[in-house]
Amino acid sequence: MTPTQFREIEGRSGGFFALLCTLVLLVLAGLGAAWHMEHEGHHVTGMSNRIVWGTPHVFAVFLIVAASGALNVASIASVFGRDLYKPLARLSGLLAVALLAGGLSVLVLDLGRPDRLIVAMTHYNFKSIFAWNIFLYTGFFAVVAVYLWTMFERRMNSHSARAGLLAFVWRLVLTTGTGSIFGFLVARETYNSALLAPLFIVMSFSFGLAVFTLVLMASFRGTGRALGDALIARLTRLLGLFVAAVLYFVLVYHLTNLYIARHHEVERFILLGGGIYTALFWIGQVLVGGVIPLALVFRPGASRSRTAAAAGCVIAGGLAQLYVLIIGGQAFPQALFPGKEVASSFFDGVVASYSPSLAEIALGTGGMALALALTVVGLKVLPFLPQSLSDAAIDPAET
Amino acid sequence: MSLGRREFLAWGTAATAGAALAPVISLVELAQARSPEEAASSLRRWGLLIDITKCADCDECVTACHTENGVANNGRPRTDAQWIRKVNLRDKRTAVAQTLPLMCQHCEDPPCVDVCPTGASFKRDDGIVLVDKHTCIGCRYCVMACPYGARSFVHETVTGQRPDVPRGKGTVESCTLCVHRVDRGDAPACVEACNRDGGKAMLFGDLNDASAEIHRRLHAEPSAQVRADLALDTGVRYQGL
Ligand code: SF4
């Protein structure tokens, strides 16, 4: 196997600038939306006192979860010693950092007081899993940066495996932390499950790989570099595996909930009578995010468009899944007085209404655009992408 | 019947002594009241006892609270702050109806305090759970964590603020047990209103003070916590649930 040659992308074509301009415009729209929400107050959004975390959180959590998953490809190369994936490790690290930056931006801009970010950085309540996450996120940037450095700098190459291991462990802890934000909410039936942390980990594998595969295919196509079928086939099969794992965990999650009597009502809500949430669960999360990608991936005879479609479905289904989890979980009324019907001016006892406002969607997509823009710029300024990933260029023994 | 000289003298002495003692007694009372600068003491635990069999179909407590604390109604029920609300209950099997006021339950182990990343949510030594308006970043995690729906996020610019009650757009707030009144020795506004114009269902006091009526009643009569299963040891207790 010849050593992989990396090279920056040209970034001079009209297509490149059009892409960058579109992304920048989306980022600006997101910033405008955030300013509007802060200036007017959150009453201009679809959020309320019952649904305090809205669409921005759906996007932010998706991006953060996908960020740690995107690093997986690098981990497979360095931690599990699969040489086939080695040339992909740099892109994997770049995407991880970019996705996390996009997600955190959305999270911060959706705060009631984003101007107090410095307070969040200087006042810590160590009992709060949220405070721990702040460390985990900033640490993730640092760890991945070091990891990338060991890959870029020839002198440091020998440390790459160790840095990769650290990054791998860090990302597992980080995703556990993200899942625990919900898992620690004792008072909410929907989130009260030990399965949430492992579920988040398999979700991150799946979402992260979907984003990675799409970006890889798009960037190689856009720059006219060769991308071999063998590699695509590998990634596709891996994606299928992760999608199946997510479906499995979702199944177990709901089965255990069905076993616990006090969770029956919330299960009936999500699975049967929850209107938009039930629809998003079955059509968005299970069908589009699970069944269709599985069918696409495991149908004999590979095709790139099918892989791309599967990855797109996983992303759409993942957003639906987080929407059901985050917003559906709040819409379902908390059990204040078990055994009694409750009614109040605070909409106790009824399913809270919520419809996302344009500003929230703009903020969320702005975060996605930021992640992609950072990736594109990264590809242009540093040699992240291999010059060729043709079947001949990668280890034939591995394929 | 006339007073004999002896008796006259005895009564007279007693009256004089009483008159002389009165200011001393009020001085003692004054000494017991807290000055605003005095730190909250963990010897105390402020709390409420609400007898819902007396709670009528009124909302005096809600009005009094929102007036006292300058919580305005902007005509947007989904986003307007509510520090206290009336909750109507109906038993699913027996259809028996009840009504009660619900507010921050001032837990001994408050989930909102545990989850708050900056420590803006905190519990004073005397048990009152508050939000520091200067360090709250408006992440709303505490709202997610509260089992009682007791917290509101300030969704728009605040108007008509009361000098004693800081509020601010983009932060979270909830019942303060009228901490500004408690610190000057008064009862919370809801309790005062309930006992003046309502069903006289609410009692305020120090749960740790053996001489306080709330302490006596809690030790003599049955009472309940909302979501007692969560073991949060609430400072607000109910009777007749
Ligand atoms: S909204 Fe404010 S008080 Fe509540 S958890 Fe966040 S920072 Fe703490």
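Anyway, here's the lowdown on the structure attached to this text.

Each value, and the rule that gives it
Residues numbered from 1 in each chain as written. Chains lettered and ligands numbered in written order. Predicted model: local features only at pLDDT ≥ 70, side-chain atom pairs only at ≥ 80, totals over all residues. Heavy atoms only, no water. Helix = DSSP H or I, 4+ residues; strand = E, 2+ residues; numbered from the N terminus. Buried < 20%, exposed > 50% of the residue type's maximum accessible area, 1.4 Å probe, protein only. Contact = heavy atoms within 4.5 Å. Areas by Shrake-Rupley, 256 points an atom, 1.4 Å probe, with all protein chains shown as cover. Lys, Arg positive; Asp, Glu negative; His and termini not counted. Charge placed at Lys NZ, Arg CZ, Asp CG, Glu CD. Phe/Tyr/Trp six-rings, centres within 6.5 Å; stacked < 30°, edge-to-face > 60°. Lys NZ or Arg CZ within 6 Å of the ring centre and 35° of its normal. Polar contact = N/O pair within 3.5 Å; in protein donor to acceptor, adjacent residues only side chain to side chain. Axes fitted to C-alpha atoms, helices over the stretch in contact; angles between N-to-C directions. Parallel < 35°, antiparallel > 145°, perpendicular 65-115°, else oblique. Left-handed = near helix turned anticlockwise from the far one by under 90°.

From N to C terminus, chain A includes 13 helices and 5 strands. A principal-axis box enclosing the C-alpha atoms of chain A has dimensions of 70 × 45 × 40 Å. Buried positions account for 57% of the 399 residues belonging to chain A. Contacts in chain A between residues far apart in sequence, at least 24 positions, make up 82% of those at least 6 positions apart. About 16,100 Å² of surface is accessible on chain A, with carbon and sulfur atoms providing 70% of the total. Averaging the locations of the 25 positively and 18 negatively charged side chains of chain A gives two centres separated by 7 Å.

The next point concerns the packing of aromatic side chains. Here the structure, examined in full by the defined rule, presents 23 aromatic pairs over all chains. Ring centres of Trp53 of chain A and Phe182 of chain A lie 5.8 Å apart, and the angle between their planes is 85 degrees; this geometry places the pair in the edge-to-face category. A residue pair is termed long-range when its members are at least 10 positions apart, and Trp53 of chain A in the loop between α1 (14–40) and α2 (55–70) and Phe182 of chain A in helix α7 (residues 160–183) qualify at 129 residues. Here a set of aromatic residues connected by ring pairs shows up, and it is made of Trp53, Phe130, Phe182, Tyr191 and Phe200 of chain A together with Tyr141 of chain B. The ring of Phe152 of chain A carries the charged tip of Arg90 of chain A above its face, separated from the ring centre by 4.2 Å. Between Arg140 of chain B and the ring centre of Phe153 of chain B, over which it is positioned, the NZ or CZ distance is 4.8 Å.

Residues and elements named next belong to chain B. Following the sequence through the fold, Asp206 ends up in strand β8 (residues 202–206). Assessed through its relative accessible area of 8%, Asp206 is described here as buried. Within the local environment of Asp206, its side chain forms a polar contact with the backbone nitrogen of Asn208, the two atoms lying 2.9 Å apart. Apart from the residues lying within four places of it in its own chain, the contact partners of Asp206 are Leu43, Arg44, Arg45, Trp46, Ala212, Ile214 and His215.

Residues and elements named next belong to chain A. At a minimum axis distance of 7 Å, the contact between α2 and helix α4 (residues 89–109) shows a crossing angle of 160 degrees. Relative to α4, the element α2 lies roughly antiparallel. For the pair α2 and α4, the sense of crossing is left-handed. Mapping the contact onto sequence places Pro56, His57, Ala60, Leu63, Ile64, Ala66, Ala67 and Ala70 in α2 and Ser92, Leu95, Ala96, Leu99, Leu100, Gly102, Gly103, Leu104, Val106 and Leu107 in α4.

Right, let's get into unusual backbone geometry. In this structure, Phe347 of chain A takes a positive phi of about 60 degrees despite not being glycine. Looking at the secondary structure, you find Phe347 of chain A in the loop between β3 (340–344) and α13 (358–381). At His106 of chain B, a position not held by glycine, the phi torsion is positive, near 45 degrees. Within the secondary structure, His106 of chain B sits in the loop between β3 (97–103) and α3 (111–115). For His106 of chain B, a relative accessible area of 1% translates into the label buried.

Read these as layout, nothing more, since geometry by itself doesn't imply function.
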